[in-house]
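Residue-level listing of the chains:
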Amino acid sequence: MDKKECAKKDMKVLDDFYKEYFSKSRIQQGYWVTTGLFTFFLVFSSWFHYQTFWEEDGKVFIIILVMGMYGTVSYVLAYQHAFDKKGTIVKIAPYLRYLPISVKARKKYQFRKLLKFQWKVYAVAQVGQILFSLLDGQGLNWGNFVYPFLAAFLVPVALSALSIAWSK
Amino acid sequence: MEEMILEFTNVTGSKGKFRLQDLNFGLPAGYMMGLMGANGAGKSTLMSYIMREDAKYTGSIKICGQDIRENHAYLRNYIGFVSEDNGFFESLSPMDNVNLMAKFYETFDKELFQETMKEMGVSLSTMYYKLSRGEKLKFQMAFAMAHHPKLYLLDEVTVGMDPVFRLDFFKILHKVIETGEASVLMTSHIESEMKQRTDFLGIMDEGKLTWFGESLDYRQEA
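Residues numbered from 1 in each chain as written. Chains lettered and ligands numbered in written order. Predicted model: local features only at pLDDT ≥ 70, side-chain atom pairs only at ≥ 80, totals over all residues.

## Points about the overall build of chain B
Going by this rule: Counting from the N terminus, the helices are the DSSP runs of H or I reaching at least four residues and the strands are the DSSP runs of E reaching at least two. As a reference, a globule follows 2.2 Å times the number of residues to the power 0.38, and the radius of gyration itself is taken over C-alpha atoms. Exposure is read from a count of other C-beta atoms within 10 Å of each residue's own; the residue is exposed at 12 or fewer, buried at 20 or more and partly exposed in between. C-beta atoms are placed from the backbone.
Secondary structure summary: chain B contains eight helices and ten strands in total. Its C-alpha atoms give chain B a radius of gyration of 17 Å, within 12% of the compact-globule value 17 Å for 222 residues. Evaluated residue by residue, chain B yields a buried proportion of 39% over its 222 residues.

Here it is, written out as structure tokens:
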């Protein structure tokens, strides 16, 4: 099997593993609810935040924005953790350490899942940004595109990529 | 020429306060090797150098003639690891653990696993954390046997075993090596057991292999 086929096989194996593990583990419900809630804030806030950033209550929306980004990190963290017998959240790495899968393959899988997820979040935030701006009669400018890209894609991906890179 | 399942050549490294110094030995196919030494001698560190891809050392460690650093993850298909340090999901049953982890191996015989567990009298459906220490070790052994490794690594597994189980355990080990296709490397600080039960013996002290040879020679020297 050449390197490309090996890499493809590793991604499939990890996909099957996580699908099965998440179906058995309570960790999924908690993380997905957290991710869903905060991602909603991010998408919802992206339009309001842009409109009100320079106003007094812009700070409120910065908090909402940070919470939205946390949703992304939660999504990534779900792939890095497991429950032990006491229900405490622990690192998943020790459970995979002695299996025939490299740390590099695992991190690559997590990053690809992150990109796929965040791309969808950004797409919804961008469409929302354009729609609300048009409905509000304010028209569009470069900020309507740059801001969602930074807030809903680039910064969350960068933060989560760091989390993946530093994980063992 | 005998096929070498495991070869250490000039391996030197350190991991925290534990250091290995210039280890050289080989384990041919179809044999059992015991590694003895006091606590902190480096036995478990040696095991971790074989199992962990983040181990830093000079020299080479080969499994079936392949340097493990060339493709560490893939070569773990050839290794069956039994240890209290081995991670299985405590809140899942042995069968659930297998359903999750078998996917990673090139070949995994689930039927063989279930038969072996039945022979050893270990439940497939009890949560892993509820199994006794002996049952966990039996499960790990059944798990290892199911993916047909070339090398079984057993780290201090016989400590605290009752005499009946100990006998059964060594019968299982002899069964896996009698085909001549696999070998066993086990660590212990129980000298009498290592002298009597193994074909080769290594003595470690402060990270060095101070003696290596056939167990028969060790018994005669002693």
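## Examining the sheet that holds strand E2 (residues 18-28) of chain B
All names here are of chain B. Which entries qualify depends on this criterion: For two strands to be treated as a pair, DSSP must find at least two bridges joining them. Contact between two residues is assigned when their C-beta atoms, built from the backbone, lie within 7 Å. Only the stretch in contact is used when fitting a helix axis, every axis being a line fitted to C-alpha atoms; angles between N-to-C directions are given from 0 to 180 degrees.
Taken together, the four strands give an open sheet; going across it, the order is E2-E1-E4-E5, and neighbouring strands pair in antiparallel fashion. Both edges of this open sheet fall to E2 and strand E5 (66-67), since each of them pairs with a single strand only. Strand direction decides the pairing type here: strand E1 (residues 4-15) and E2, joined by eight bridges, are antiparallel. Paired with Val11 across the strands is Leu23, a residue of E2. Across the sheet, helix H1 (residues 43-51) touches E1, E2 and strand E4 (57-63), and the angle it forms with E2 is around 70 degrees.

## Brief notes about the interface of chain A and chain B
Spelled out, the test is: Side-chain classes follow a simple rule in which Ala, Val, Leu, Ile, Met, Phe, Trp, Tyr, Cys and Pro form the nonpolar group, Asp, Glu, Lys and Arg form the charged group, and the remainder, Gly included, forms the polar group.
Contacts between the two partners involve 20 residues from chain A, matched on the other side by 23 residues from chain B. Looking at the side of chain A that touches chain B, the element that brings in the most residues is helix H1 (residues 3-24) of chain A, giving six residues. Taken together, the residues that form the side of chain A that touches chain B break down as 13 nonpolar, one polar and six charged.

## A look at the sheet that holds strand E10 (residues 208-214) of chain B
All names here are of chain B. Pairing is mixed in the open sheet, where six strands are placed in the order E6-E7-E8-E3-E9-E10. Both outer strands of the open sheet, strand E6 (79-83) and E10, are each paired with one neighbouring strand and no more. Neighbour-to-neighbour, the strand axes of this sheet turn through a mean angle of 15 degrees, independent of strand direction. Pairing analysis gives four bridges linking strand E3 (residues 32-36) to strand E9 (residues 200-205), with the strands arranged parallel. Residue pairing for E9: Met36 is matched across the bridge by Ile203. The strands that helix H5 (residues 133-146) touches are E6 and strand E7 (151-155); relative to E6, the one it contacts most, it runs at about 175 degrees. Sitting on the sheet, helix H6 (residues 163-177) is in contact with E3, E7 and strand E8 (183-188), with an inclination near 150 degrees to E8.

## Some remarks on the packing of helix H4 (residues 110-120) of chain B against H5(B)
Angle between the axes and distance between the axes are the two parameters that describe a pair of packed helices. Residue and element names in this part refer to chain B. What counts is decided by this rule: Our angle categories are set so that under 35 degrees counts as roughly parallel, over 145 as roughly antiparallel, 65 to 115 as roughly perpendicular, and the remainder as oblique. Crossing handedness is defined as follows: a turn of the near helix away from the far one that is anticlockwise and smaller than a right angle gives a left-handed crossing, while the clockwise case is right-handed.
Look at H4 against H5: their axes get within 8 Å of each other, and the N-to-C directions meet at 150 degrees. By the angle class used here, H4 and H5 are roughly antiparallel. Of the two possible hands of crossing, H4 and H5 adopt the one that is right-handed. Contacts from Lys110, Leu112, Phe113, Thr116, Met117 and Met120 in H4 reach Lys138, Phe139, Ala142, Phe143, Met145 and Ala146 in H5. A per-class count over the contact of H4 with H5 returns nine nonpolar, one polar and two charged.

## A few points about the environment of Lys103(B)
Among the secondary structure elements, Lys103(B) is positioned in the loop between helix H3 (94-101) and H4. For Lys103(B), a count of 17 C-beta atoms within 10 Å translates into the label partly exposed. Not counting residues within four places of it along the chain, the set of residues in contact with Lys103(B) comprises Val13(A), Asp16(A) and Phe17(A).

## What about H3(B)?
Operational definition: By arc we mean the arc of the directions from the helix axis to the C-beta atoms, nothing more.
Within H3(B) the residues assigned to the buried category are Pro94(B), Asn97(B), Val98(B), Leu100(B) and Met101(B). Burial along H3(B) is one-sided: seen end-on, the buried residues are contained in an arc of 165 degrees. Residues of H3(B) that are buried in the fold lie against H1 of chain A together with H4 and H5 of chain B.

Limitation: the analysis is restricted to geometry and does not speak to function.
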